[in-house]
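Fold and geometry: a report
These are the residues of each chain, in order.
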Amino acid sequence: MKARVTVTLKSGILDPQGKAIEGALRSLGLVGVSSVRQGKVFDIEIDGGDRATAEALLKQAADKLLANTVIENYKVDVLG
Amino acid sequence: MKAAVLVFPGINRERDMARTLRLISGRDPALVWHAEKELPAGTDLVVIPGGFSYGDYLRCGAIAARSPIMDAVRAYAGKGGLVLGVCNGFQILCEAGLLPGVLMRNENLRFICRDVYLRVERSDTPFTRGYNAGQVVRVPVAHGEGNYIADGETIARLEGEGRVLFRYCSPDGMIDPNWNHNGAINAIAGILNEHGNVLGMMPHPENHVEAAIGPTDGRGLFAGLAEALERAA
């Protein structure tokens, strides 16, 4: 089973890396970019199990390690 | 002093730390590998040194914080044992939940490697008894992620309970954005946990302890710790 966990910075948390990328996009002449926030994507394969079990497992993975919930949100997608 | 210095893959300041502990206390610390499940018997100070554990993969300190030895450190700290985390050690303590908050990328996006001035906010702790409250000390920093933040409620608690032990300041002790090198909230350079036995700080006091190298302002922290432990013994 394939799944994806997406980790993003909570709103209000300063993201200097996103800001630098935003500046670089502007300097490339890409007009219309008003803001960039950088996050992380984890593509994970899970052995067997059903969807609900996989979701619960990934939630645990995100809470325990993949995200720092002080500053980050996460989203779990089981892709099947 | 029976110190244990934790060693994770990618840590590179453990020998500086061990050298300083030996210099101040006259006793070699134990170097404890991250895969160990227990601290040496009789350990009375755990030090998590600086470096780049696991190459800063995922988030600084995130993977080290979940290693087997950290369960032992958590249990030891729960019983009131003294823990000092420096630089990456501070990041690891935050990731391990032993200290609140997070160390974010420096505000100016640069790796900062230079001497800084710190104001010691309190002298009535085992970590700062070798200093006077309000004293300014000069110690080095070397980090890319030292910009401390936490939610407003946590910051209010840290400040209200006097748990900010070190702040970045000007040479004459003023809190000034120009001297807050990494952009940390309230110029926070080091904080205590709620029981006062776990300290995390970004600067490296262990690197300023010998006159041959330069300033010796870092000695006070280790000498104070040694004295506190002697008294407790």
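A brief look at the structure comes next.

Analysis parameters
- Residues numbered from 1 in each chain as written.
- Chains lettered and ligands numbered in written order.
- Predicted model: local features only at pLDDT ≥ 70, side-chain atom pairs only at ≥ 80, totals over all residues.
- Helix = DSSP H or I, 4+ residues; strand = E, 2+ residues; numbered from the N terminus.
- Rg over C-alpha atoms; globule rule 2.2 N^0.38 Å.
- Buried ≥ 20, exposed ≤ 12 C-beta atoms within 10 Å, placed from the backbone.
- Contact = placed C-beta atoms within 7 Å.
- Pairing = 2+ DSSP bridges.
- Axes fitted to C-alpha atoms, helices over the stretch in contact; angles between N-to-C directions.
- Nonpolar A, V, L, I, M, F, W, Y, C, P; charged D, E, K, R; others polar.
- Expected span 1.5 Å × (residues − 1).
- Core = buried A, V, L, I, M, F, W, Y, C linked by C-beta atoms within 7 Å.

Some words on the overall build of chain B
A count of helical and extended segments in chain B gives 5 helices and 11 strands. A globule of 233 residues ought to have a C-alpha radius of gyration of about 17 Å, and chain B, at 16 Å, matches this closely. Dimensions of chain B, computed from C-alpha atoms along their principal axes, come out at roughly 45 × 35 × 35 Å. Of all 233 residues assigned to chain B, the portion counted as buried reaches 55%. In chain B, the proportion of contacts linking residues at least 24 apart, taken out of those at least 6 apart, comes to 74%.

Here we look at the sheet that holds strand 3 (residues 72-78) of chain A
All names here are of chain A. As summarised here, the arrangement of the 3 strands in space is 2-1-3, forming an open sheet in which the pairing is antiparallel. On the outer flanks of this sheet lie strand 2 (40-45) and strand 3, each paired with one strand and no other. In this sheet, neighbouring strand axes are inclined to one another by 20 degrees on average, regardless of whether the strands run parallel or antiparallel. The pairing of strand 1 (residues 2-9) with strand 2 spans 6 bridges and is classified as antiparallel. Pairing of K2 across the sheet is with E45, part of strand 2.

Overview of the interface of chain B and chain A
On the chain A side, the residues contacting the 10 residues of chain B number 8 residues. Across the side of chain B that touches chain A, the residue classes tally to 4 nonpolar, 1 polar and 5 charged.

Points about the environment of A:E55
Residues and elements named next belong to chain A. Within the secondary structure, E55 is located in helix 2 (residues 51-66). A count of 16 C-beta atoms within 10 Å places E55 in the partly exposed class. Placed 38 residues apart in sequence, E55 and Q17 show a C-alpha to C-alpha distance of 30 Å. Setting aside chain neighbours within four positions, we find E55 in contact with V76 and V78.

Focus: the environment of B:P68
Residues and elements named next belong to chain B. When you line up the elements, P68 lands in helix 2 (residues 68-78). Classification of P68 by C-beta neighbours within 10 Å gives exposed; the count is 12. C-alpha separation for the pair P68 and H34, spaced 34 residues apart in sequence, amounts to 6.4 Å. Setting aside anything within four residues of it in sequence, one finds P68 in contact with H34, A35, E36 and K37.

Quick notes on the pairing of strand 10 (residues 188-192) of chain B
Where burial is concerned, most of strand 10 of chain B is hidden: 5 out of the 5 residues are buried. Linking strand 10 of chain B back to strand 11 (residues 198-201) of chain B in an antiparallel pair, the connection comprises 5 residues, with B:G196 at a positive phi of about 75 degrees.

Quick word on helix 1 (residues 16-27) of chain A
A rise of 1.5 Å per residue sets the reference length of helix 1 of chain A, with its 12 residues, at 16 Å; its end C-alpha atoms lie 16 Å apart and thus fit the reference within 8%. A:G29 occupies a position one or two residues after helix 1 of chain A and carries a positive phi of about 85 degrees.

Comments concerning the nonpolar core
Soluble, globular proteins show a tendency: their nonpolar side chains are buried together. B:V5, B:L6, B:V46, B:L93 and B:L118 are the most contacted members of the largest nonpolar core, which has 76 residues in total. What B:V5 contacts, discounting residues up to four positions off in sequence, is B:E14, B:M17, B:A18, B:P29, B:L31, B:V32, B:V47 and B:P49. Residues A:A3, A:V7, A:A54 and A:L66 belong to the second largest nonpolar core, which totals 8 residues.

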